[in-house]
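Observations on the model geometry
Here are the chains, one letter per residue:
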Amino acid sequence: MIELKQITKIYGNKKKRTTALSGLNLKVEKGEIFGVIGHSGAGKSTLIRCINLLERPSEGEVWVGGIELTGLGKRELQQQRRKIGMIFQHFNLLSSATVYDNVAFPLTLIGTPKNQIRKKVDELLSLVGLEDHRSKYPAQLSGGQKQRVGIARALASDPDVLLCDEATSALDPQTTDSILKLLLDINRRFGLTILLITHEMHVIQSICDRVAVIHEGGIVEEGPVTEVFLKP
Ligand code: ADP
Ligand code: ADP
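In the nomenclature of an unreviewed UniProt entry, the protein chain corresponds to Methionine import ATP-binding protein MetN from the organism Paenibacillus antibioticophila. We quote the UniProt Sequence similarities (unreviewed entry) comment for the protein chain here in full: "Belongs to the ABC transporter superfamily."

Here you go:
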């Protein structure tokens, strides 16, 4: 479902260059929950941002759902990006919009008819357990509730892939577990492919099928979670 081929990302200019990713290869199968773990500065957030081309790789190919995103024009890329939802560490909600409008936003943007938006948003709010909070603003919500809004918004365009950028790092352990449980539930129910990055082993061990360890811009170890972390 996701394939990164020989991805290199270099930041900076002639004066100061940082190689964040260096010839990185990664393959995530349809329907799995794949975790990438590594220390700060290892290249995790660059990696995840390269998948929907929020960050353009300097070299290499990004494939999602059998399509090479790195070969697309602007318009086609916009179209393909709808198949890729994303959630963030700090939620990235619109603070002056209600829960309902935050979730509706991606659909409003593409001109979806109002009755369809309403039906979809109602479904999503019930999926994430926020049906009683639709008229609240983000500031009136707990961290876990904000991330639930983030998840509902990410699912609004029926993506095939969900990218999670340190999605539980700002949450306490109990809330983290409830969000992970929700992600697992969504994965199992809809077959949604999930790629997450984290620096927390607990996150990997509780929901991931496979894991890759990233170090200095490259994958140094990869496999089923039980194998990678039970080696002597
Ligand atoms: P992680 O998410 O694992 O902490 P990052 O992908 O954020 O790692 O960073 C990888 C490397 O790239 C680090 O050395 C970081 O300083 C550098 N880097 C990340 N973003 C930028 C940027 N916008 N400009 C310059 N260097 C960056
Ligand atoms: P308008 O043409 O004024 O945008 P809408 O039917 O979109 O009319 O509704 C106006 C506002 O009411 C929306 O921006 C949204 O905040 C809220 N709203 C609409 N439908 C719902 C709903 N099912 N649940 C909660 N709030 C809703």
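Resuming the write-up.
Looking now at the site of ligand 2. As a structural note, the neighbourhood of ligand 2 is formed by T98, Y100, D101, K114, R118, D122 and R134. Take Y100: an N or O atom from its side chain is 3.4 Å from a nitrogen atom of ligand 2. Taking K114, its side chain carries an N or O atom lying 2.4 Å from an oxygen atom of ligand 2. When contributions to the shell around ligand 2 are tallied by element, the ones reaching two or more residues are α3 (99-109) and α4 (114-127). Looking at the shell around ligand 2, the element that brings in the most residues is α4, giving 3 residues. Its residues placed into classes, the shell around ligand 2 shows 1 nonpolar, 1 polar and 5 charged.

It is worth spelling out the site of ligand 1 at this point. Looking at ligand 1, the residues that line it are Y11, T18, A20, H39, S40, G41, A42, G43, K44, S45 and T46. Within the backbone of S45, a nitrogen or oxygen atom sits 2.8 Å from an oxygen atom of ligand 1. Protein burial of ligand 1: of its 560 Å² of free accessible surface, 59% is covered by the chains. Within the residue set of the shell around ligand 1, elements represented by two or more residues are β2 (17-28) and α1 (44-51).

The subject of this paragraph is the nonpolar core. In this structure, I87, I151, L162, C164, L183 and L196 are the most contacted members of the largest nonpolar core, which totals 43 residues. Apart from residues no more than four positions distant in its own chain, I87 is found in contact with Q147, G150, I151, A154, L162, L163, C164, D165, A167 and L183. Core analysis: the next-biggest nonpolar cluster, separate from the first, contains 29 residues, I48, C50, M86 and L195 among them.

Another point: a nonpolar patch on the surface. On the surface, L94, F105, L109 and I110 cluster together into a nonpolar patch covering about 360 Å² of accessible area. One can find F105 in helix α3.

On the basis of which strands lie adjacent, the open sheet formed by 4 strands has the order β2-β1-β4-β5 and antiparallel pairing. The open sheet has two free edges, formed respectively by β2 and β5 (67-68), since each of these has just one partner strand. Lying over the sheet, α1 contacts β1 (2-12), β2 and β4 (59-64), oriented at roughly 60 degrees with respect to β2.

Taking 1.5 Å per residue as the helical rise, α4 with its 14 residues ought to reach 20 Å, and the 20 Å between its terminal C-alpha atoms agrees with that figure. At its buried positions, α4 is contacted by α3, α5 (143-155) and α6 (173-190). Immediately downstream of α4, the backbone of G129 shows phi near 75 degrees, a positive value.

The 6 strands lie next to each other as β6-β7-β8-β3-β9-β10, forming an open sheet whose pairing is mixed. Each of the sheet's edge strands pairs with one partner strand only, and the pair in question is β6 (84-88) and β10 (218-224). Sheet twist, expressed as the average angle between the axes of neighbouring strands with direction ignored, equals 15 degrees. Two elements, strand β3 (residues 33-37) and strand β9 (residues 210-215), share 4 bridges in a ladder whose sense is parallel. The residue of β9 that forms the bridge with V36 is A212.

Along the polypeptide, T198 turns up in strand β8 (residues 193-198). Accessibility expressed as a relative area gives 2% for T198, which makes it buried. In sequence terms T198 and E166 are 32 residues apart; their C-alpha atoms lie 5.0 Å from each other. Apart from the residues within four sequence positions on either side, T198 is in contact with V36, I37, G38, K44, E166, V203 and I204.

Moving on, we get to the pairing of β4. Here 5 bridges tie β1 to β4, and the two strands are oriented antiparallel to one another. Paired with E3 across the bridge in β4 is W63. Bridge analysis of β4 against β5 gives 2 bridges, and the strand direction is antiparallel. Looking across to β5, one finds that W63 is bridged to E68. In textbook terms, the turn of a hairpin is the stretch between consecutive antiparallel strands, and for β4 and β5 this stretch comprises 2 residues, one of which, G65, has a positive phi near 60 degrees.

Conventions used here
- Residues numbered from 1 in each chain as written.
- Chains lettered and ligands numbered in written order.
- Predicted model: local features only at pLDDT ≥ 70, side-chain atom pairs only at ≥ 80, totals over all residues.
- Heavy atoms only, no water.
- UniProt positions renumbered as here; feature names shortened; annotations may be inferred.
- Near = heavy atom within 4 Å.
- Polar contact = N/O pair within 3.5 Å; in protein donor to acceptor, adjacent residues only side chain to side chain.
- Helix = DSSP H or I, 4+ residues; strand = E, 2+ residues; numbered from the N terminus.
- Nonpolar A, V, L, I, M, F, W, Y, C, P; charged D, E, K, R; others polar.
- Areas by Shrake-Rupley, 256 points an atom, 1.4 Å probe, with all protein chains shown as cover.
- Core = buried A, V, L, I, M, F, W, Y, C linked by side-chain atoms within 4.5 Å.
- Buried < 20%, exposed > 50% of the residue type's maximum accessible area, 1.4 Å probe, protein only.
- Contact = heavy atoms within 4.5 Å.
- Patch = residues over 30% accessible without salt bridge, like charges linked within 9 Å, V, L, I, M, F, W, Y side chains within 5 Å.
- Salt bridge = Lys/Arg side-chain N within 4 Å of Asp/Glu carboxyl O.
- Pairing = 2+ DSSP bridges.
- Axes fitted to C-alpha atoms, helices over the stretch in contact; angles between N-to-C directions.
- Expected span 1.5 Å × (residues − 1).

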